[in-house]
Amino acid sequence: MLTYSTYSEAGGVGKTTTAANLAVAHARSGLKPLVVPLDPQDGDLSRLFGVDDRRTDSVDNIVRHMIRRPNGDFENLIRTVEGVDVVPEHNMLSDLADFLQREKDQAEAMGEAFGMHAQLLRVLREAGVPEEYDVLICDPPATEGPHLYNAIHATRSLVIPVEPSAKGRAAVEGLEALVAGFEDQLEIDVGVLAAVPTGFKNTRDQRQVLTEIDYPIPEIISERASLMEGCWMEQCSAFKYVREHRDRRRDYEIETLAQFDRIARHLEEQVGIDAPNPPEPGDVDHEVMTV
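Residues numbered from 1 in each chain as written. Predicted model: local features only at pLDDT ≥ 70, side-chain atom pairs only at ≥ 80, totals over all residues. Heavy atoms only, no water.

Draft legend 1. Geometry of the state of the cysteines. Applying the stated criterion across every chain yields a total of zero disulfides. Free of any disulfide, Cys-236 has its nearest neighbouring cysteine sulfur in Cys-231, separated by 5.3 Å. (Disulfide = S-S within 2.5 Å.)

Draft legend 2. Geometry of the pattern of salt bridges. Summed over the entire model, instances satisfying the criterion amount to 18 salt bridges. Taking the shortest distance from any N to any O, the salt bridge between Glu-103 and Arg-69 comes out at 2.3 Å. One end of the pair, Glu-103, is in helix H4 (residues 96–109); the other, Arg-69, is in the loop between helix H3 (62–66) and strand S3 (79–81), with 34 residues separating them in the sequence. The buried category is assigned to Glu-103, whose relative accessible area is 8%. On the basis of relative accessibility, which here comes to 36%, the residue Arg-69 falls in the partly exposed class. Through salt bridges with shared partners, a single network forms among Arg-68, Arg-69, Glu-103 and Glu-112. (Salt bridge = Lys/Arg side-chain N within 4 Å of Asp/Glu carboxyl O. Helix = DSSP H or I, 4+ residues; strand = E, 2+ residues; numbered from the N terminus. Buried < 20%, exposed > 50% of the residue type's maximum accessible area, 1.4 Å probe, protein only.)

Draft legend 3. Here's a closer look at the sheet that holds strand S5 (residues 135–139). On the basis of which strands lie adjacent, the open sheet formed by seven strands has the order S3-S4-S2-S5-S1-S6-S7 and mixed pairing. The open sheet has two free edges, formed respectively by S3 and strand S7 (191–197), since each of these has just one partner strand. Between one strand axis and the next, the sheet turns by 25° as a mean value, whatever way the strands run. Two strands pair when backbone bridges link them, and strand S1 (residues 2–6) and strand S6 (residues 157–162) are joined in this way by two bridges, in the parallel orientation. Following the sheet pairing, Ser-5 is matched in S6 by Leu-158. On top of the sheet, helix H7 (residues 146–155) reaches S1, S5 and S6; it is set at about 155° to S1, its chief contact. (Pairing = 2+ DSSP bridges. Axes fitted to C-alpha atoms, helices over the stretch in contact; angles between N-to-C directions. Contact = heavy atoms within 4.5 Å.)

Below is the structure:
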């Protein structure tokens, strides 16, 4: 199973759109992806995919499962969009730290262990996710805390959207320290599968920043603000946006879709997954067939 979290300390680098488009790219190849976004803010992956309509309702959600108080089966949380299974975010995520701490206190009072940062992994294992899915993607918020720690603990690997600037370089350096500390704290290994520079304009300073990134860079994505803003406006992936909402297919946008396809193949190769029905990169009309 391919598992990773999309993460960057810097905001505005396309972390959520990267997660969504890679999930669709995996699905386009015939794989079965599950996305677990954990961002308590409204502008999140659930919003991008249009499955955030019940985030304020008193319904079962991922937080209830993480604190061992579910109101139903895990599979009932899932919404399917563009071939991708998504566990929608809920407003209870805003109080996740408090919920987990109270559960930990109660468990310890009863002489039981409760790992605050291992609860998402427990939920996914108990639900049979490793047996049911080919790909797991978590999209945590940029800030440190239980959302991020649970995502990293569950996936053990990162894909890092990078702003090719001094700010982006600092974010990567901060991430290296974060990963090292997390590995020491939880005694797990955390790998970086890829860095994905976004908003690239091919300036001299940007090229210099790229030479200082020590992680694999399978693709460098140019500035595509109009395409990504269109995705948020229409609540869909870039693949669907180009296919159904653009007045014409622009070559540079087709190339961006091809880049997401190629990044997905790179990530799959890292764990030895052979996609059963990979498209020609950027083939917007590729017929999705799962096995």
